[in-house]
Amino acid sequence: MKIIVYGAKPDELAYFTAWQQSHADRLEIHSEPLNETTVAWAAGFDGVNCLQTTPYAAAVFEQLGRFGIRFLTIRNVGVDNIDLAAAKRFGVRIANVPAYSPSAIAEFAVTTALYLLRRLGETQAPLAAGDWDKAASFLGRELGQSTVGIIGAGRIGQAAIRLFAGFGARVIAYDPHPGHPEPRAEYVSLPALLQEADVVDLHVPGVPANTHLIDAQALASMKQGAILINTARGNLVDTAALLQHLQTGHLGGAGIDTYEYESPALLRYAKTGKFEDPAWDALAKLPNVLLTPHIAYHTETAVQNMVDFSLANLLAFLTKGEAPDEIHIR
Ligand code: NAD
Ligand code: COI
């Protein structure tokens, strides 16, 4: 079995090596993402395994189809960057890893909430300037005295509910299809959640219907001083409106791990070596904003599971014709 891996990161290599040693299959590992250029390297392989937040475009699937490659497994959860209709059209079946470690992302959301509630970012510039009194002047708020609103109570949202509840926060949640609702949250409507929460924490997929779920109107309805955390997908938040609400002081802070223009900015970064974007740069100037480079998932447990589970999906596709986590495209 010949498998080509794209988007490999240094911290994944040990897991790929271990997998290769316990399987008789050949892995060819590339750090570059799968795109219209690098897809040429897949000729002669049986299956493809990838991790990237840049697009999987129709042209990529057209080429994979020409090579007779029928299976692509991704090492992550979100499929919002994949042209699924094109994949189906060109006969490429896809599986994701729906749960490599929901706790990794939930713990990151809690970390971000604590950082912002205790105003740690605001202490840094005065400390760097030697102004101890100013640095010590930022009065924090306690998570245990706060109401946390979780939007999207799926795998990660439910893990977040449990963690925030463990800190003693009142947790409210909005999800039109919550599955088995986590009992530590009180389920409310979206407008009620936005009005009541001191911390609004997003865990919904970045499907087109959710684009700008948090728009100017939603931001305006949030409490004075509220904090917004987005570790889900960049398109969920209207960044221009968010900037305005931060600059006027209506919002108390924001934690952005998934940034609206991440994908185009990363494509430019691949050419220039610099992650630059006007709205990103404006957010980065605000001391009550925590920007992180899409790392909420990034733990040892998660990375090992991403490699192992995605390769298990690919092996299942190649040997049995079906995989446990296949994305069924309508
Ligand atoms: P999931 O499918 O288990 O849960 C998503 C939940 O959102 C579902 O219960 C669904 O009913 C709900 N939902 C969908 N649209 C909604 C809306 N408009 N309002 C309220 N609820 C809505 O998914 P998950 O495993 O919890 O992952 C959520 C998202 O987290 C992924 O789609 C991915 O984009 C993101 N993610 C980010 C990272 C990271 O490193 N930053 C890592 C993994 C996943
Ligand atoms: C996901 O699993 O969906 C993520 O956002 C992680 C990222 C490395 C793509």
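Parameters at a glance
- Residues numbered from 1 in each chain as written.
- Chains lettered and ligands numbered in written order.
- Predicted model: local features only at pLDDT ≥ 70, side-chain atom pairs only at ≥ 80, totals over all residues.
- Heavy atoms only, no water.
- Pairing = 2+ DSSP bridges.
- Helix = DSSP H or I, 4+ residues; strand = E, 2+ residues; numbered from the N terminus.
- Contact = heavy atoms within 4.5 Å.
- Axes fitted to C-alpha atoms, helices over the stretch in contact; angles between N-to-C directions.
- Near = heavy atom within 4 Å.
- Polar contact = N/O pair within 3.5 Å; in protein donor to acceptor, adjacent residues only side chain to side chain.
- Areas by Shrake-Rupley, 256 points an atom, 1.4 Å probe, with all protein chains shown as cover.
- Nonpolar A, V, L, I, M, F, W, Y, C, P; charged D, E, K, R; others polar.
- Salt bridge = Lys/Arg side-chain N within 4 Å of Asp/Glu carboxyl O.
- Buried < 20%, exposed > 50% of the residue type's maximum accessible area, 1.4 Å probe, protein only.

Colleague: Would you explain the sheet that holds strand 12 (residues 289–291) in this entry?
Modeller: Consider a sheet: its strands pair through backbone hydrogen bonds, and that pairing is either parallel or antiparallel. Taken together, 7 strands build an open sheet; the order of strands is 8-7-6-9-10-11-12 and the sheet is parallel. Whereas interior strands pair on both sides, the edge strands pair on one side only; in this sheet they are strand 8 (186–187) and strand 12. Two strands pair when backbone bridges link them, and strand 11 (residues 253–256) and strand 12 are joined in this way by 3 bridges, in the parallel orientation. Counterpart to isoleucine 256 in the pairing with strand 12 is leucine 291. Helix 10 (residues 239–247) rests against strand 10 (227–230), strand 11 and strand 12 of the sheet, and its axis sits at about 145° to strand 11.

Colleague: Would you mind going over the site of ligand 2 with me for this structure?
Modeller: Residues in close proximity to ligand 2 include Leu51, Thr53, Asn76, Val77, Gly78, Tyr100, Arg233, His294 and Tyr297, which together make up its full environment. Note that an oxygen atom of ligand 2 is positioned 2.6 Å from one of the side-chain N or O atoms of histidine 294. When isolated, ligand 2 has an accessible area of 280 Å², and the protein chains bury 90% of it. A breakdown of the residues in the shell around ligand 2 according to their chemical character gives 4 nonpolar, 4 polar and 1 charged.

Colleague: Can you help me understand the side chain of asparagine 49 in this one?
Modeller: Turning to its location among the elements, asparagine 49 is positioned in strand 3 (residues 47–50). Apart from residues lying up to four places away in sequence, asparagine 49 is in contact with Ile3, Ile4, Val5, Tyr6, Phe16, Thr73, Arg75, Ser310, Leu311 and Leu314.

Colleague: Got a minute to help me understand the site of ligand 1 in this structure?
Modeller: Arg155, Ile156, Asp175, Asn210 and Thr231 are the nearest of the 27 residues found near ligand 1. Between ligand 1 and arginine 155, the relevant distance is 2.9 Å, taken from an oxygen atom to a main-chain nitrogen or oxygen of the residue. In isolation ligand 1 offers 870 Å² of accessible surface; the protein chains occlude 86% of this area. Tallied by class, the residues present in the shell around ligand 1 amount to 15 nonpolar, 8 polar and 4 charged.

Colleague: How should I be thinking about the pattern of salt bridges in this particular structure?
Modeller: Counted according to the given criterion, the structure contains 12 salt bridges. Residue arginine 26 is joined to glutamate 28 by a salt bridge in which the shortest nitrogen-to-oxygen separation is 2.9 Å. Judged by its relative accessible area of 38%, arginine 26 is partly exposed. Under the relative-accessibility criterion, glutamate 28 is labelled partly exposed at 25%. One salt-bridge network, in which partners are shared between bridges, spans Arg162, Glu182 and Arg184.

Colleague: Before we go on, may I ask you to explain the sheet that holds strand 2 (residues 26–29) in this structure?
Modeller: Read from one edge to the other, the open sheet built from 5 strands follows the order 2-1-3-4-5, with strand pairing classed as parallel. The sheet is open, and its two borders are formed by strand 2 and strand 5 (93–95), each paired with just one other strand. In this sheet, adjacent strand axes meet at a mean angle of 20° when their direction is disregarded. Of the pairings in the sheet, the one linking strand 4 (residues 71–74) to strand 5 comprises 3 bridges and is parallel in character. The residue bridging phenylalanine 71 from the neighbouring strand is arginine 93, located in strand 5.

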